[in-house]
Amino acid sequence: MKDVMGLIYTGENDARLRELTVTRAIAAMPVAGRYRVIDFLVSSMVNGGMKNIGVITQKNYHSLMDHLGSGKEWDLHGKNNGLHILPPFLTRENVGLYPGLLDALRSNNNFLIRSKQETLVLSNSNIIYNAHLDELVQYYRDTNADITLLYTKDPSMKRDEYGTYLSIDKSGNVTDMEVLPTHPGYDNVFMEVLVIKRELLRDLVDKAVSHGLHSMDKDIILRLVQDKSAKINAYEYKGKCWQIDSVQSYFKFNMDILDPEMRKGLFRDELPVFTKVRDEMPACYGDNATVINSLVADGCQIDGIVENSILFRGVKIAPDAHVKNCIIMQDGQVHEGAYIENCILDKQAVIKRNARLIGPDAYPIVIGKDVVI
Amino acid sequence: MLRKKTCVAMLLAGGQGSRLGILTKKVAKPAVPYGGKYRIIDFPLSNCTNSGIDTVGVLTQYQPLELNAYIGSGAPWDLDITNGGVFVLPPYQKGKSGEWYRGTANAIYQNIAFIEQYNPDYVLILSGDHIYKMDYNAMLNYHIRHGADATIAVREVPWEEAPRFGIMNTDSDDRIVEFEEKPKNPKSNKASMGVYIFTWSKLRHYLEEDEADKKSSNDFGKNIIPNMLNDKQVIVAYSFNGYWKDVGTIESLWEANMDLLETPMPIDMHDKRWRIFAKNPGMAPHYIAKGATVKDSLITEGCEVYGNVSHSVLFAGVIIEEGAKVESSVIMPGSIIRRGAVVRRAIVAENAIVGPGAFVGEETGNIAVIGTGITLPAGVSIPAGQQVDEEYTF
């Protein structure tokens, strides 16, 4: 699909991800054995025909830059278009930390001016989805909307005190919105993905920021809906999606995709998910390996027992080690005789011989990057 | 104007590899899958990249489609660069004439213009037939240090096998004094690996001379090397002791895959300083279900295992259904082993389907092969050593 660009905002709040986001943005969180959260968003955009994609970064964006690189893995290293990483910079009105999405958009006004595409898809970076964004844009065009919002009826996305909820009439138009309600009254959850004309976005952002406003949902969309000054409609995403904003939701997403049906909903043949390639050899299973209901990436060496777990690239599980309900990120190691359950091991974490580490079901233990136990 | 290169590599990838039977019916041998995620050509290409050689001509002739698509821009091997990179070189029309590559030397002769663009001092000649990790730069330094006109990589083979190889007889300074193709009574056990470095000006001279000789079979081993030896040119042997496996037959291809399951692995594939690069299929990590067993095996992305896998190598996207049993086998990308099927000592090529309850191969005997895209009906039995392609009647 031509004449559409993508823009991803990665500045979401991440306090509830504890150690996991000390050194990285949510968008750079390792998930599903070999991906980062942002891979799903960028791949959706690329699969939807977008060739010019901006990624607005906020804090801790080094690992994001390292991961995205030149955008080659997503075929985004073109001459005119391609992948643009947009870090914050100091200006008269901005000291480098964006109070909200609108401030981030305002700071990157130049990128928006320079881009040539008429239509823009704006996405957050803390919801994992794999959508046909070309169909979303087609709907936006067919209905002559000013803004089309992507929403889901997935009940797991509806949570007290979080999110934005939509009331939609029969013809698909948004008639009311609730932003961060204590108890959501509507079942349609806005996925923080929208389609808008690039010029309209610039105009709206400019007006809002100059009136001291910061929130896209509350200060722009809600107002437009309330005073009926624009046609705002909504398009339903029928696939699976997951909000990643706490250790629990991060853990749940990873455990969910152990289910083959859930996995099929996210990894679809026609919508491949691209990521940075590490050129590891296939995973090696030893004579005494026992693996049950687990996802295993290339480069792993498994000689012990692995149950209901996700092993990222290059993980080593020694003989007689036992791993249950765990997420072990890149190059993690579990040595002989160790037992770990309900743990999240960040990159290069090592569990030494005979150590035992058991987290409660609902609240996994997080072992930080490079930590040796 | 292209900038000068010290050394340009030329990779001979035009052979059919007819001893690989139905596996090379539709693809050239260098494009045959190996080791769970690689193709044979990934080894010489990765060796080039890791050795700092960034200009590689790949000479294709037989069934080049899949090989061309695989090489693409050369990005997986970091060979998508502005000054240099990887180039696929098929035979082409020249003025009123035009011809196929008649032999290994003729293939290089026909691409003299390609090589001259880079004005190299040395040319490295490679083939796409072997699994090995080798530092070509160390070999180049050896060539330069010895002031050689040609350097031939050799490895010592068991004496009883020497009559199957091109054998180099050397003096005490590693200088080659005699070359014997498949000698009955070998005087040495140093076998040529088919990896040569030539000083380009010399090679160019001998290629032109060889081309003028109408009786020549235009082959490096049969013509160029013997001619250079006759003229007392300095040819030295460069000894290589690492893992090196010819994968020219069904049995040796299967064996080379099984070698990766040895402990320790005879070829270190985990070495981060010498990665073997490959085009990535971009699939999710593989999944091992409850009730599945996986022992002593290599499994890569996109696989889904619900059955039992032992001592086997599974390529990307392979599905092993519940109750299926895979033993000592190689299952290539996208193939499906249906419930209750048993696959033993077999190679199942790409996108094949082994029907429910089918039997492929036996515990002993030769390797059974299921060809690319073949669907085996439920319950059929394929004996050891059988190759199944479109012409096979069940």
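Residues numbered from 1 in each chain as written. Chains lettered and ligands numbered in written order. Predicted model: local features only at pLDDT ≥ 70, side-chain atom pairs only at ≥ 80, totals over all residues. Heavy atoms only, no water.

1. Some words on the overall build of chain A
Across its full length, chain A holds nine helices and 28 strands. Here chain A has a C-alpha radius of gyration of 21 Å; the compact-globule value for 373 residues is 21 Å, and the two agree. Here the C-alpha coordinates of chain A stretch approximately 65 × 45 × 40 Å along the principal axes. A buried classification covers 60% of the 373 residues belonging to chain A. Looking at chain A alone, contacts between residues at least 24 apart form 58% of all its contacts between residues at least 6 apart. Of the roughly 14800 Å² of accessible surface on chain A, a fraction of 49% belongs to carbon and sulfur atoms. Separation of charge centres in chain A, based on 43 positive and 49 negative side chains, amounts to 4 Å. (Helix = DSSP H or I, 4+ residues; strand = E, 2+ residues; numbered from the N terminus. Rg over C-alpha atoms; globule rule 2.2 N^0.38 Å. Buried < 20%, exposed > 50% of the residue type's maximum accessible area, 1.4 Å probe, protein only. Contact = heavy atoms within 4.5 Å. Areas by Shrake-Rupley, 256 points an atom, 1.4 Å probe, with all protein chains shown as cover. Lys, Arg positive; Asp, Glu negative; His and termini not counted. Charge placed at Lys NZ, Arg CZ, Asp CG, Glu CD.)

2. Let's talk about the environment of K290 of chain B
Here K290 of chain B shows up in the loop between strand 16 (286-288) and strand 17 (293-295). Note: C-alpha distance between K290 of chain B and G307 of chain B (17 residues apart in sequence) is 9.3 Å.

3. A word on the interface of chain B and chain A
Across the boundary between the two partners, chain B contributes 35 residues, which contact 35 residues of chain A. Three residues, H270, P285 and Y287 of chain B, lead the burial of chain B against chain A; their summed loss comes to 22% of the area buried on that side. Linking chain B to chain A there are five salt bridges. In this structure, the salt-bridge partner of E301 of chain B is R34 of chain A, at a minimum N-O distance of 3.0 Å. Within the residue set of the side of chain B that touches chain A, elements represented by two or more residues are strand 16, strand 17 and strand 18 (297-299) of chain B. Of the residues contributing to the side of chain B that touches chain A, the split by class is 18 nonpolar, eight polar and nine charged. Here strand 14 (residues 283-285) of chain A pairs with strand 18 of chain B via three bridges, running antiparallel. (Buried area = accessible area lost by both parts, 1.4 Å probe. Salt bridge = Lys/Arg side-chain N within 4 Å of Asp/Glu carboxyl O. Nonpolar A, V, L, I, M, F, W, Y, C, P; charged D, E, K, R; others polar. Pairing = 2+ DSSP bridges.)

4. What to know about the pattern of salt bridges
A complete count under the given rule lists 43 salt bridges over all chains for this structure. Here D154 of chain A and K240 of chain A are joined by a salt bridge, their closest N and O atoms 3.1 Å apart. One end of the pair, D154 of chain A, is in the loop between strand 8 (147-152) and strand 9 (164-168); the other, K240 of chain A, is in the loop between strand 12 (232-236) and strand 13 (242-243), and 86 residues separate them in sequence. For E199 of chain A, the salt bridge identified is with R202 of chain A, shortest N-O distance 3.1 Å. Highlighted residues: E199 of chain A and R202 of chain A, both in helix 6 (residues 198-210), separated by three residues, approximately one helical turn. Residue class for E199 of chain A comes out partly exposed when judged on its relative accessible area of 45%. Among the charged side chains, a network of salt bridges with common partners joins K25, K26, D389, E390 and E391 of chain B.

5. Topic: the packing of aromatic side chains
All told, the structure shown has 20 aromatic pairs over all chains when counted by the stated rule. Aromatic side chains W242 of chain A and F253 of chain A sit 4.9 Å apart centroid to centroid with 70 degrees between the ring planes, which places their arrangement in the edge-to-face category. Here the residue W242 of chain A occupies a position in strand 13, and F253 of chain A occupies one in helix 8 (residues 247-256), the gap between them amounting to 11 residues. A relative accessible area of 4% places W242 of chain A in the buried class. A residue is classified by how much of its surface remains accessible, and F253 of chain A, at 0% relative accessible area, is buried. A ring pair is formed by Y196 of chain B and F220 of chain B, whose centres lie 5.5 Å apart and whose planes are at 25 degrees; its orientation type is stacked. Of this pair, Y196 of chain B sits in strand 13 (residues 190-199) while F220 of chain B sits in helix 7 (residues 220-230); the two residues are 24 residues apart in sequence, bridging distant segments of the chain. We classify F220 of chain B as buried; its relative accessible area is 2%. One aromatic cluster is present, formed by Y35, F40 and F267 of chain A through successive ring pairs. (Phe/Tyr/Trp six-rings, centres within 6.5 Å; stacked < 30°, edge-to-face > 60°.)

6. A short note on the sheet that holds strand 24 (residues 330-331) of chain B
The mixed open sheet is built from 11 strands, whose spatial order is 26(A)-23(A)-20(A)-17(A)-14(A)-18(B)-21(B)-24(B)-27(B)-30(B)-33(B). A strand with exactly one partner marks an edge of an open sheet, and here the two such strands are strand 26 (350-351) of chain A together with strand 33 (387-388) of chain B. Note: strand 30 (residues 368-370) of chain B against strand 33 of chain B, two bridges, orientation parallel. The residue bridging I370 of chain B from the neighbouring strand is V388 of chain B, located in strand 33 of chain B. Each of strand 21 (313-314), strand 24, strand 27 (346-348), strand 30 and strand 33 of chain B is contacted by helix 8 (residues 250-259) of chain B, which is oriented at about 90 degrees to strand 27 of chain B, the strand it contacts most. (Axes fitted to C-alpha atoms, helices over the stretch in contact; angles between N-to-C directions.)

7. Re helix 5 (residues 133-142) of chain A
Residue and element names in this part refer to chain A. Here helix 5 has its buried residues at L133, L136, V137 and Y140. Projected down its long axis, helix 5 carries its buried residues within an arc of 95 degrees, all on one side. Among the residues trailing helix 5, N144 stands out with phi positive, at a value near 50 degrees. (Arc of directions from axis to C-beta.)

8. Looking at the packing of helix 6 of chain A against helix 7 (residues 216-226) of chain A
All names here are of chain A. One way to put it is that helix 6 packs onto helix 7 with a least axis distance of 11 Å and a crossing angle of 115 degrees. Classed by the angle they form, the pair helix 6 and helix 7 counts as roughly perpendicular. Where helix 6 crosses over helix 7, the two elements pack in a sense that is right-handed. Along its contact with helix 6, which presents L201, L204, V205 and A208, the element helix 7 presents M216, I220 and L224. Counted by class, the contact of helix 6 with helix 7 contains seven nonpolar, no polar and no charged residues. (Parallel < 35°, antiparallel > 145°, perpendicular 65-115°, else oblique. Left-handed = near helix turned anticlockwise from the far one by under 90°.)

9. A word on unusual backbone geometry
The residue after T263 of chain B, namely P264 of chain B, is reached through a cis peptide bond having omega -10 degrees. Structurally, the position occupied by P264 of chain B is in the loop between helix 8 and strand 16. Located in the positive-phi region is L180 of chain A, a residue other than glycine, with phi close to 50 degrees. Along the chain, the position of L180 of chain A falls in the loop between strand 10 (174-179) and strand 11 (188-197). Phi is positive for D331 of chain A, close to 60 degrees, though the residue is something other than glycine. Note on placement: D331 of chain A falls in the loop between strand 22 (327-328) and strand 23 (333-334).

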